[in-house]
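What the coordinates show
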Amino acid sequence: MNGATRLVINSSRLKQLRSNMGLSQEGLADACEQRLIRVSIATIKRAETDRPVSNRTAHNLANFFNIDVADLLTNKASATVEKTPRKQKSKLYLLIAIHTSSDELMAQLSKDISRLTTLPAIGHHSAKLQLVPLPSADAMPKEQVLNQLVYIWNNARKAASIIKPFSLCVSALYCETDQHALSQVTEKAAYHLTLFNRIPNNRLIVTEEVKVAFQQHFYFNHIETISQCALWSLDHELNLYQGSRIGLLGRSGELNQLTSIIAGSLSHNKRTLACVHGIKGIGKTRFLEEIGRHFHSNDVHVVYADLARGELDWWSITELLLPLSDQKAKAFKVLIIIDNIDLASDRVIDRINKIRSPDAQCNLSILVSTNTATLTKVNDRLQIDHQFELTQLDQQECCKQLQDRLNLERAQAEQIIVSSSCIPTFLRILLLRETDNIEDALRMEIQSRMELLSSAQKQLIHILAIYDNELTISQANGILGAGNCINQIIECGLVTYSDFHKVTLINRITRAIILDLIEPEQRQHIHQRIAEILTSNEDNITLALLESANQHYKSAMLFANVAWCCRKIAYLNLESAEYIAAEHAITEGLRYLNKADASPIQARTCEQPISESIEIDLLLLQANLYKQQHGWGHYKLEEIYLSTLDKCELLSTTTRKMESLFGLWSFYFSNGNLKMAQYYAVKSDELTKMGKNNYYKMLSLTALSNTSLWRGEHQNAVDNAKRALSYFNPFELDEILSVEGQDPRVLPYYIIVMAKLMLDESDSADALAELLDIAAQTSNLFSQAIAYQTAALFHLHMRAPSQAKYHAQRLFSLSSENTFAYYQGLATMIQGWAEYQISGDSNQIGQVVAAYENWMTNAGGTLCFSLYAVILGELLIAERQYDTALELIDDAALASLQNQSNCYISELLALKSICTNDRRYLDDALSHPYCSPRQRRLIETHHGIEALVD
């Protein structure tokens, strides 16, 4: 190339056109790409800084803005193509960088590459740089140089192994003379050395210039872009002229089936998407490569990308799709193959869905792969047309094919089958080794490599083997400590980058051998280190990490740590309403505490670093679980809270003691024992006055106010509830919701609404509206249930049956879906009352009775017995069942007297006066010290009372 067509674009004009469309430089590049116009952001930046661009770029930009190309040029009169000569850079050189830790491989590669050139090699640490001038077209076609380099690379791959990897990176130089080219090598050396830590082993990597020069003859896969320089991997398996060294074993049936599906898609102009899935190592990548080679040999344009290596080459795809927009190009067919599609970004997914649009008919098919575990997620994002599972190969068939196709002895074939477990990836690795004692040789090599490592480096490899997963670079550096570099351990050949931020063992065979080399006494310590790594960042710890850490602590025989993990797991499951999983974690944690001794665990893992502290936390979580599932009055709660209260006295832990006191209050309160409830409410209030925890002050005041409400002390209830709300801290809400299972504001608001209603204060409705707003803003279901209960009771006492029914139905729907037994019963009871008031249906009496007996008896029903008696007694009296009503009312009045539950005593006395036709009970009701203004009005306006007065 002696010259190139170059034009200078009017940068001001380009910026103006871009700004008029509201596009940034990146936005313009993306917009061009969406319209299948190839203009990169680097080119746009070049054009806007008055530097020359190609004639093609100028016309592409003109097409995008729908203007004449002359309107873009600095000198509009010079719209004709000009030739800007290069600075005599008449020679193109390939700069080949070799990197390997193996002296034998370095010698072999250097010798082979030196045959391509007479220029001397330049050594630099563990790398060598070699210049190869491309011959003139008359002397030799340029693709033959790369063909020879591919041959050299393939020979090196035969000698390489997972222990002795190598890298080849090829870039291009334009220089006037050999001497000038050599002078440039030193500068290029530092650049190539930075690449070696970021490119995969045993591959031939080229830069953009080399890819463009040879892309008509070889297939290249995009790796990444570094400093605006795109890197490409020459894919040996999809070389357009060569097949695979090892044929596809045992997959002929699956291959025929899938090729038939894709061929049908291409023949009928359907943009279908097929997905190959299976377990890791089953051979998905190899299978996709064989599919690609098959269709390439049948004149289909194949685009192949592995997302584990980098993003898709969208420019190549765009150029391939351009002919498809021409309806005359019926014979043009494209197959896009994407390996590891589960790693795709949202942008990649959006583009795939766009090119699959049914509006455009063309010969295009897409084939992707993923692990079976991520198949559902992939299907949700892409809507797969055909799912194709690869299963484990049949051992007998595989053994036979190894003998027939590769001429192996039966004993050797069987050895390979056993060593690989018949997993395709392992089979392939073993078949590429040229030794009879494959496994023993690999084991000895790994042992020798391990002996060269420091103790910290060995520990990292042991951790990777036992963890059987990736570690981030920061985690790996934390294990290695000061003085150890991650690149040093990468060079040993046992560890590799899984992406640019994570490391892993190079393959599963290596892992199996390393696992076998680890001494039994080392394993417990390694399991402990893995668990500590997984739980090191408690602020961002996930359920999956905790469950993994839990298994490692079990293997380390650290049972107190297992219980600590169980506590965290239960906490997260309770937060997400996964009650069964939470209960399992709590039970397991308590069981492992019984196995643990009294030795402290790491101080960072809990507030009180002893197992007794973890036991208290587990018991309190168990109590919260029962409260959310069965209500505050569940019979198991008393024993749990009394136990935790005793343990708190021994540990002098105020926080947990407060939770235990409040739990005991809630239990006795829900079971109608207001005397004991008042005792624990006062005890909790006394405890909080000695501390500075506002949340617990809020809890104790809520307990006092709720007790006052049911004791009939309505003004005290309002005052304490308002004081409780004054201690609310919105910044602590999320944590409170996850632990307690409800918004701490809803109970004080409930108390304020009901107490103000009983006091006949006009702003009670405003307080209810505020409570319903809080419920609408929270996703916490328990808090919503309390709000709906409040609304239903409010309208019941307001004698508004339609509105009471509406809120009761909302409460019933919510509580039924989430097994909130108490609220389910209360909702049904209020619904029955409302339906009777609306329709007079006597069947509703049975519904009220069933609601209380089926749902509320074992879930706080004792407290509500007086309310139940008022509701049911009113309905029975309306049906003239006076004797039944009287018996119920007497039982409720006696229970209220015993439990000091005075909230409904005046209404019970008023109903009794109707049943007995005795005005004395009416007088007792109206003169009772706990008869509220609202109850007085209800009694005086009741039609049965009016008849009695007359």
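The paragraphs below set out a description of the structure included in this document. On a predicted model such as this, the values are computed, not experimentally measured, just so you know.

Looking now at helix H10 (residues 284–296). Since the α-helix turns once every 3.6 residues, residues separated by three or four places project in the same direction. Here H10 spans 18 Å end to end across 13 residues, near enough to the 18 Å set by a 1.5 Å rise per residue. What H10 keeps buried is the set Lys284, Arg286, Phe287, Leu288, Glu289, Glu290, Ile291, Gly292, Arg293 and Phe295.

On to the packing of helix H40 (residues 882–899) against helix H41 (residues 905–916), then. Contact geometry of H40 with H41 gives a least axis separation of 9 Å together with a crossing angle of 150°. In terms of orientation, H40 lies roughly antiparallel with respect to H41. The two elements H40 and H41 meet at a crossing, and its hand is left-handed. Residues Tyr882, Ala885, Leu886, Ile889, Asp890, Ala892, Ala893 and Ser896 of H40 form the contact with H41, whose participating residues are Ile905, Leu908, Leu911, Lys912, Ile914, Cys915 and Thr916. When its residues are assigned to classes, the contact of H40 with H41 shows eleven nonpolar, two polar and two charged.

A few words on helix H1 (residues 11–20). Taken as a whole, H1 has its buried residues at Ser11, Leu14, Leu17 and Arg18. Looking down the long axis of H1, one finds its buried residues gathered within 130° of arc, a one-sided arrangement. Among the exposed residues of H1, those oriented more than 90 degrees off its buried face are Ser12 and Asn20. Between a side-chain oxygen at the N-terminus of H1 and the backbone nitrogen of serine 12 the separation is 3.1 Å; the capping residue is asparagine 10. Within two residues after H1, glycine 22 carries a phi angle of roughly 70°, on the positive side.

Our focus in this paragraph is the packing of aromatic side chains. Centre-to-centre distance and the angle between the planes together describe a pair of aromatic rings. One pass over the full model with this rule turns up 14 aromatic pairs. Look at phenylalanine 782 and tyrosine 823: their rings are 5.8 Å apart centre to centre, the planes differ by 80°, and that puts the pair in the edge-to-face class. Taken together, the residues phenylalanine 782 in helix H35 (residues 781–797) and tyrosine 823 in helix H37 (residues 821–839) connect sequence positions 41 residues apart. Neither phenylalanine 782 nor tyrosine 823 differs from the other in exposure class; each is buried. Note on tyrosine 852 and phenylalanine 865: the rings are 6.0 Å apart at their centroids and 40° apart in plane angle, and the pair reads as tilted. With a gap of 13 residues between them, tyrosine 852 in helix H38 (residues 843–856) and phenylalanine 865 in helix H39 (residues 865–878) connect regions that are remote in the sequence. Across the pair, phenylalanine 865 and tyrosine 852 agree in class, each one buried. The rings of Phe667, Tyr668, Tyr679 and Tyr680 are connected pair by pair, giving a single aromatic cluster. Against the face of phenylalanine 559 rests lysine 595, its NZ or CZ located 5.6 Å from the ring centre.

The next point concerns empty space enclosed by the protein. Enumeration over the complete set of coordinates arrives at seven cavities of 30 Å³ or more. Space inside the largest cavity adds up to approximately 330 Å³. In terms of lining residues, the largest cavity is bounded by 27 residues, among which Trp632, Ser670, Gln789, Tyr822 and Tyr823 are the most central. Of all the secondary-structure elements, those providing two or more residues to the lining of the largest cavity are helix H26 (611–630), helix H28 (654–670), helix H30 (694–710), helix H33 (746–758), H35 and H37. Taken together, the residues of the lining of the largest cavity sort by class into 17 nonpolar, nine polar and one charged.

A word on the sheet that holds strand S11 (residues 273–278). A sheet is described by the order of its strands in space; here five strands give the open sequence S12-S13-S14-S11-S15, paired in parallel fashion. The strands lining the two open edges of the sheet, one partner per strand, are strand S12 (301–306) and strand S15 (386–389). The average undirected angle you get between the axes of adjacent strands in this sheet is 15°. Strand contacts of H10: S11, S12, strand S13 (334–339), strand S14 (364–371) and S15, with the helix running at about 170° to S13, the strand carrying the most contacts.

What follows deals with the pairing of strand S6 (residues 127–133). Counting buried positions over the seven residues of S6 gives five, a clear majority of the element. With seven bridges joining them, strand S4 (residues 91–100) and S6 adopt antiparallel strand pairing. Bridge assignment links leucine 94 to a residue of S6, and that residue is valine 132.

This next bit is on the side chain of threonine 370. For threonine 370, the location among the structural elements is in strand S14. What makes threonine 370 buried here is its relative accessible area of 1%.

Right, let's talk about the pattern of salt bridges for a bit. Counted under the stated rule, the structure contains 21 salt bridges. With a shortest N-O distance of 3.7 Å, glutamate 470 and lysine 502 are connected by a salt bridge. Of this pair, glutamate 470 sits in the loop between helix H18 (455–467) and strand S16 (471–472) while lysine 502 is found in strand S18 (residues 502–505), placing the two residues 32 residues apart along the sequence. Take glutamate 470: its relative accessible area is 31%, and that puts it in the partly exposed class. Here lysine 502 falls in the partly exposed class, since its relative accessible area comes to 30%. A salt bridge links lysine 689 to aspartate 685; the shortest N-O distance between them is 3.3 Å. Here aspartate 685 and lysine 689 lie together in helix H29 (residues 674–689), a separation of four residues that amounts to about one turn. You can call lysine 689 exposed: its relative accessible area is 61%. Where salt bridges share partners, they join Lys554, Glu588 and Arg591 into one cluster.

Conventions we followed
Residues numbered from 1 in each chain as written. Predicted model: local features only at pLDDT ≥ 70, side-chain atom pairs only at ≥ 80, totals over all residues. Heavy atoms only, no water. Helix = DSSP H or I, 4+ residues; strand = E, 2+ residues; numbered from the N terminus. Expected span 1.5 Å × (residues − 1). Buried < 20%, exposed > 50% of the residue type's maximum accessible area, 1.4 Å probe, protein only. Axes fitted to C-alpha atoms, helices over the stretch in contact; angles between N-to-C directions. Parallel < 35°, antiparallel > 145°, perpendicular 65-115°, else oblique. Left-handed = near helix turned anticlockwise from the far one by under 90°. Contact = heavy atoms within 4.5 Å. Nonpolar A, V, L, I, M, F, W, Y, C, P; charged D, E, K, R; others polar. Arc of directions from axis to C-beta. Polar contact = N/O pair within 3.5 Å; in protein donor to acceptor, adjacent residues only side chain to side chain. Phe/Tyr/Trp six-rings, centres within 6.5 Å; stacked < 30°, edge-to-face > 60°. Lys NZ or Arg CZ within 6 Å of the ring centre and 35° of its normal. 1 Å grid on protein atoms, 1.4 Å probe; cavity = no way out; pocket = protein on both sides within 12 Å on 5 of 7 lines; lining within 4 Å. Points joined across faces, edges and corners; volume = space filled by probe spheres on them. Pairing = 2+ DSSP bridges. Salt bridge = Lys/Arg side-chain N within 4 Å of Asp/Glu carboxyl O.

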